[in-house]
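Working through the structure, step by step
This is what each chain is made of:
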Amino acid sequence: MRYDVVVVGGGPSGATAAEDLARSGHRVALLDRAGRIKPCGGAVPPRLIADFHIPDAQIVAKINTARMISPTNRRVDIPIENGYVGMVDRENFDEFLRVRAVEAGATRLTGTFTRIEREEEGPVVIYRDKATKEETRVAAKLVIGADGARSNVARAEVPGGDKIPYVIAYHEIIEAPDKVGSYDPERCDVVYDGRISPDFYGWVFPHGKSASVGMGSMVKDVDLKKATADLRKSSGLTDCTTIRREGAPIPLKPLDRWDNGKDVVLAGDAAGVVAPSSGEGIYYAMVGGRVAATAAAACLASGRVKDLQLARKLFMREHKNVFKILGAMQDAYYKSDERRERFVSLCQDVDVQRLTFEAYMNKSLVKARPLAHIKIGIKNIAHLTGLIPATRA
C-alpha cells in the first residue's frame, strides 16, 4: 500500500498534520518514536484551545498571572485579563493528539526514522520498527517532516535544513504542593537572570499537581542541571520530588525553505517555528502542522510540487511580523543582565502588559491603540540608549 502522506514525527505538529489530512479523506501514516517527551513549559493560549478543539480535561492548570523576575530580583506581576493561559503536560497532551489522529483515520507506526529512498512511484520512508527492531519500509506520495529541531528529514532533504540555530532546553517535572516558598500554582514565573541563563531565560510553570522548572541556553559550557537546581532553590522547590528530567533543542529561527521542491515538506520545530524571545512553540507547531497538511493536500490534488511552498507562505503571511518583532526583542534585551534588568523594568508599563498579552492570547499584533504603541516605542528607545536607569522602579 502506498499512503498519500507519511508524517514523520508525532508531536503536536505531526499529529495535527496527520489528523487534518485523515479528516479530509487522505491515506495517512503517522510515524513516531514512542516514549520521547519534549522539555516544555506547556503553556497554550486561548486561540490554540479554540482553533484545535482542545478539551478542558487536557488543561492541567489555568494561569491568571505571569511574573517577570530580573537579575536584581525585581518582580513584575502581569495579570492575565479576560481569560487565562492554559497549561498542558506534554506526556499526556502529545499522546492525546496522536490518538485523535488515529481516531480520525491515520495509521500509527512506532519506530525510528532512518532515511528516505525513492521509487518511480514516489518516496519510501525507512524506519526501524520499535517492536521488531527490523528495518521497515512504508511507501508514500509525499512526506511531512515533523521530527524536531534537529530534524533528520530536514537535514537530508531540504536545503539549509542542517543549519538551523537552536537553544538547548532542559527542565525537570517535579511534584508541587499547593503553595511553597514563592511558588504559586496559578502563576507562571519567567526568570531573566544570567546566573540561570546567560542568553535566554528560566521558568517555573505550574502543571496542577506538578510543575515544570527549567531553562535554555545557546552557550555550550552552561551547566543546565546546575542552573535548574539553582532555580529550584530560589523558588523554594529543592525538596520537591523529581518526576522526570528532559532535554532537547529548541529552534530559534524559521528556515528560509520548508520543502525540497519534490515530495517533502517540513512542519513545526523541523521548520524552525518557535517564537523568538518567548520560546513559545506548541501553538506555532500545531499551526505549522496544519499549513503543511494544507500544502500537501493541495499538491496531491493539483500534481504541482510548487504547492508544497504554500506551507511556509501561509504561516509567514500571518506570523512573520510577530516573529520579526520578538526576534528584535531577544537581540536587544537578552545580551546582558543590564539589558535584562531594563526589559523587566519595561514590563512594569501597563500598556506593555496589555498589548503583550492581547497579542499572545489572540496570536496577532494589536493595532487598536496607536498612542500606546508610540509610548512603548519611546520607552524602548530610552531603555536601550540608557536614558532610563536600569534599576528605576
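Scope of this entry: the structure provided in the associated data block.

1. As for the overall build of the chain
Each helix and strand counted, the chain has 10 helices and 16 strands in total. In terms of overall dimensions, the chain has C-alpha extents of about 65 × 45 × 40 Å along its principal axes. For the chain, the proportion of its 393 residues judged to be buried stands at 56%. The long-range share in the chain, meaning contacts at least 24 apart out of those at least 6 apart in sequence, stands at 69%. Averaging the coordinates of the 58 positive side-chain charges in the chain and doing the same for the 50 negative ones gives two points 4 Å apart.

2. Thoughts on empty space enclosed by the protein
One simple way to see leftover space: roll a probe sized like a water molecule over the atoms. Evaluated as defined, the whole model comprises 1 cavity of 30 Å³ or more. Counted as a void, the largest cavity has a volume near 30 Å³. In terms of lining residues, the largest cavity is bounded by Phe200, Ile250, Pro251, Leu252, Val274, Ala275, Pro276 and Gly279. Across the lining of the largest cavity, the residue classes break down as 7 nonpolar, 1 polar and no charged.

3. Describing the nonpolar core
Ile54, Val125, Ile144, Trp258, Leu266 and Phe315 are the most contacted members of the largest nonpolar core, which has 70 residues in total. Per-element tally for this core: the top contributor is helix H6 (residues 282-302), with 11 residues. Beyond its immediate chain neighbours, meaning those up to four positions away, Val125 contacts Val6, Val8, Leu31, Phe113, Arg115, Ile116, Thr136, Arg137, Val138 and Val143. Ala61, Ile63, Val344 and Cys347 belong to the second largest nonpolar core, which has 31 residues in total.

4. Let's talk about unusual backbone geometry
The residue Lys133 is not glycine, and still its phi comes out positive at about 65 degrees. Following the sequence through the fold, Lys133 ends up in the loop between strand S9 (122-129) and strand S10 (135-145). Classification of Lys133 by relative accessible area gives exposed; the value is 55%. Even without being glycine, Ser277 reaches a positive phi, approximately 70 degrees. Along the polypeptide, Ser277 turns up in the loop between strand S16 (264-266) and H6.

5. Regarding the sheet that holds strand S7 (residues 85-87)
Spatially, the 3 strands line up as an open sheet ordered S3-S7-S4, and their pairing is antiparallel. Lying at the two open borders of the sheet, with one neighbouring strand each, are strand S3 (43-44) and strand S4 (61-63). As paired strands, S4 and S7 are joined by 3 bridges and run antiparallel to one another. Note on S7: the bridge partner recorded for Ala61 is Met87.

6. Side note on the pattern of salt bridges
Taken as a whole and assessed by the stated rule, the structure comprises 35 salt bridges. Salt-bridge contacts for Arg47 lead to Glu318; the nearest nitrogen and oxygen are separated by 2.7 Å. In this pair, Arg47 is assigned in helix H2 (residues 46-51) and Glu318 in helix H7 (residues 310-333), connecting sequence segments 271 residues apart. You can call Arg47 partly exposed: its relative accessible area is 23%. For Glu318, a relative accessible area of 39% translates into the label partly exposed. For the salt bridge of Arg304 with Asp307, the shortest nitrogen-to-oxygen distance reads 3.4 Å. Through salt bridges with shared partners, a single network forms among Arg2, Arg115, Glu117, Glu119, Glu121, Glu135 and Arg137.

7. What about the packing of H6 against H7?
Running from amino to carboxyl end, H6 crosses H7 at an angle of 150 degrees, the nearest separation of the two axes being 7 Å. Classified by the angle their axes make, H6 and H7 are roughly antiparallel. Contacts from Tyr283, Tyr284, Val287, Gly288, Val291, Ala292, Thr294, Ala295 and Ala298 in H6 reach Leu310, Ala311, Leu314, Phe315, His319, Val322 and Phe323 in H7. Tallied by class, the residues present in the contact of H6 with H7 amount to 13 nonpolar, 3 polar and no charged.

The rules we used
- Residues numbered from 1 in each chain as written.
- Predicted model: local features only at pLDDT ≥ 70, side-chain atom pairs only at ≥ 80, totals over all residues.
- Heavy atoms only, no water.
- Helix = DSSP H or I, 4+ residues; strand = E, 2+ residues; numbered from the N terminus.
- Buried < 20%, exposed > 50% of the residue type's maximum accessible area, 1.4 Å probe, protein only.
- Contact = heavy atoms within 4.5 Å.
- Lys, Arg positive; Asp, Glu negative; His and termini not counted.
- Charge placed at Lys NZ, Arg CZ, Asp CG, Glu CD.
- 1 Å grid on protein atoms, 1.4 Å probe; cavity = no way out; pocket = protein on both sides within 12 Å on 5 of 7 lines; lining within 4 Å.
- Points joined across faces, edges and corners; volume = space filled by probe spheres on them.
- Nonpolar A, V, L, I, M, F, W, Y, C, P; charged D, E, K, R; others polar.
- Core = buried A, V, L, I, M, F, W, Y, C linked by side-chain atoms within 4.5 Å.
- Pairing = 2+ DSSP bridges.
- Salt bridge = Lys/Arg side-chain N within 4 Å of Asp/Glu carboxyl O.
- Axes fitted to C-alpha atoms, helices over the stretch in contact; angles between N-to-C directions.
- Parallel < 35°, antiparallel > 145°, perpendicular 65-115°, else oblique.

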